[in-house]
Amino acid sequence: MAKMFIAGEWMESESGQVTEIRNPATGELVDTVPKGTEKDAQKAIDAAAEAYPKWSETSPEERAKVLDKAVDLINEKKQDLAVLLTKEQGKPVSESVREIDHFLHGMKFYAGLATKVRGAQVPLPEKGVYGMVLKQSIGVCGAIVPWNFPITLMGTKVGPALIAGNTVVVKPASTTPLTTLQCVEMIHRAGLPEGVLNIVTGPGSVVGEELLRNPKVRRIAFTGETKTGKHVMEIASQGIKRVTLELGGSDPMIVCDDANMKRALTGASVGRFYNCGQACLAIKRLYLFESIADEFIEQLKGKVQRLKLGNGLNEDTRVGPLHMEFQRKEVEEQVEDAKKKGAKVLIGGERPTGDEFDKGFFYLPTLLTDVPDSGRIVQEECFGPVLPIFRVKDLDEAIEKANSSSYGLGASIWTQNLARAHQAAERLQAGNVWINSLHIGYDELPFGGIKESGIGREHGPEALEYYLEPKGVVVATG
Ligand code: NDP
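Residues numbered from 1 in each chain as written. Predicted model: local features only at pLDDT ≥ 70, side-chain atom pairs only at ≥ 80, totals over all residues. Heavy atoms only, no water.

K.L.:
Before we go on, may I ask you to explain empty space enclosed by the protein in this structure?
P.N.:
Space left empty within the atom packing is revealed by a probe, the size of a water molecule, rolled over the atoms. Following the criterion strictly, the structure yields 2 cavities of 30 Å³ or more and no others. There is about 70 Å³ of room inside the largest cavity. Residue lining of the largest cavity: 16 residues in total, with Pro-252, Arg-285, Ala-402, Tyr-407 and Gln-429 positioned closest to the centre. Secondary-structure elements contributing two or more residues to the lining of the largest cavity are β12 (251–255), β17 (407–408) and β18 (410–414). Each residue belonging to the lining of the largest cavity can be placed in one class, and the counts come to 7 nonpolar, 6 polar and 3 charged. Its volume calculated, the second largest cavity comes out at about 60 Å³. Looking at the lining of the second largest cavity, the elements with two or more residues in it are α4 (93–113) and α5 (150–163). Among the elements that line the lining of the second largest cavity, the one with the most residues is α4, at 5 residues. For the lining of the second largest cavity, the per-class residue count stands at 3 nonpolar, 6 polar and 1 charged. (1 Å grid on protein atoms, 1.4 Å probe; cavity = no way out; pocket = protein on both sides within 12 Å on 5 of 7 lines; lining within 4 Å. Points joined across faces, edges and corners; volume = space filled by probe spheres on them. Helix = DSSP H or I, 4+ residues; strand = E, 2+ residues; numbered from the N terminus. Nonpolar A, V, L, I, M, F, W, Y, C, P; charged D, E, K, R; others polar.)

If you want it as structure tokens, here you go:
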């Protein structure tokens, strides 16, 4: 049985209860973890609060050293961690390795920023008086993480939080705690004092809720569904906590008639089917200029048909299972709704058959055309391997449709025309725009959504600012 990590020690839940973690491809038991309670969460929060004053006074170099060492420790175990991540999450091992690499890159990025935090000296109107801006840590941070990229999304919170001098309690998703537990313990072992970094496993409605309500937690970094995000914001507002929300998306991809077809085809296929379509920044609506639509669709069909579906532990697997049965049902219902409203299924649109798929949550990579704008798959986030394709007459229509969503996370434009690309980058309502590029979240660039896709940013030096409090100081020299 895996245990929680609180105040520098592995612990069971005070309830004595456990949660089973099962492989989404086979249903096999991977391990069990403690089913944490409010009291367990309080223990972790108390430990983080106790550790905070000392940790906040450490030098930026010391903090950076810990993160750098953690990167080395985790890197040594990367292959084993990747297999564990695949077992609990379902993604192909190659994607698990990439996820851990991305996490390590992010941790290194923040280690590098530790000594670059700057305040300011500000001239003031009165003679002999000037201002200073100090950048100070906030306190105990709660990091609430979803199951689709459990390791990178833990790192995007823990990295900047620790570097800024805060202490942290991590709450992983109930279904993907195992690799995170290992990584958190290794970060601790790299040289953190006890209580600086803690992890509590257990239901969001209990452990997560305690993080939102406990007055000792001053900052909440949440990634998850928009619906949960609204609740998080509401509860955290009672304690006037600083909150960042990285929520759902319905990213549009626009392919113009002058696009490099080969690259755009890869963009659409990888962009939609990576991690079985379970990415916030996955391409969830494809808008093709009419004149290239037939050829593009034909070639995309061929590409998607070649994607090998299977257990993520098999080396040749390109698309694994969905993560949960509940979620597969949701995707099926969205496809059925689209079909009822007139959509055509080009490929997929059902579960695969055969022994190797029977016990997992598999769904065939699917392409849909003729989906009406009223379809649930257009209006809602589709968190699975289904791509609805639309034809548009020009850029204006494409942008209008792209912007018609309540989400505003990412969007891409594929064109060789610089003016079109710039116009789209300015007019698309999204926190991130890619021009002729895969939808990738780079550690160096701020990432986050507008509209119902979130508030605040992760990645980049910008994210560090969300873990620092600027304090104004007035100095009268006369
Ligand atoms: P959920 O909102 O269901 O869960 C996210 C986390 O919140 C989990 O750890 C969950 O715990 C916890 N949680 C649930 N209820 C509460 C509560 N009442 N109080 C506090 N915490 C709670 O999201 P999913 O795990 O289903 O993740 C998928 C979603 O995340 C998608 O919508 C996706 O688009 C979005 N996402 C956004 C990203 C972005 O950067 N914008 C990046 C990646 C994903 P438990 O598991 O125990 O329920």
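K.L.:
Teacher, can you tell me more about the site of the ligand here?
P.N.:
Taken together, 31 residues surround the ligand, and among them Val-145, Ser-174, Thr-228, Leu-247 and Glu-381 come closest. Ser-174 places a side-chain nitrogen or oxygen 2.5 Å from an oxygen atom of the ligand. Glu-381 is positioned such that a nitrogen or oxygen atom in its side chain is 2.6 Å from an oxygen atom of the ligand. For the ligand, whose unbound accessible area comes to 910 Å², protein coverage reaches 89%. (Near = heavy atom within 4 Å. Polar contact = N/O pair within 3.5 Å; in protein donor to acceptor, adjacent residues only side chain to side chain. Areas by Shrake-Rupley, 256 points an atom, 1.4 Å probe, with all protein chains shown as cover.)

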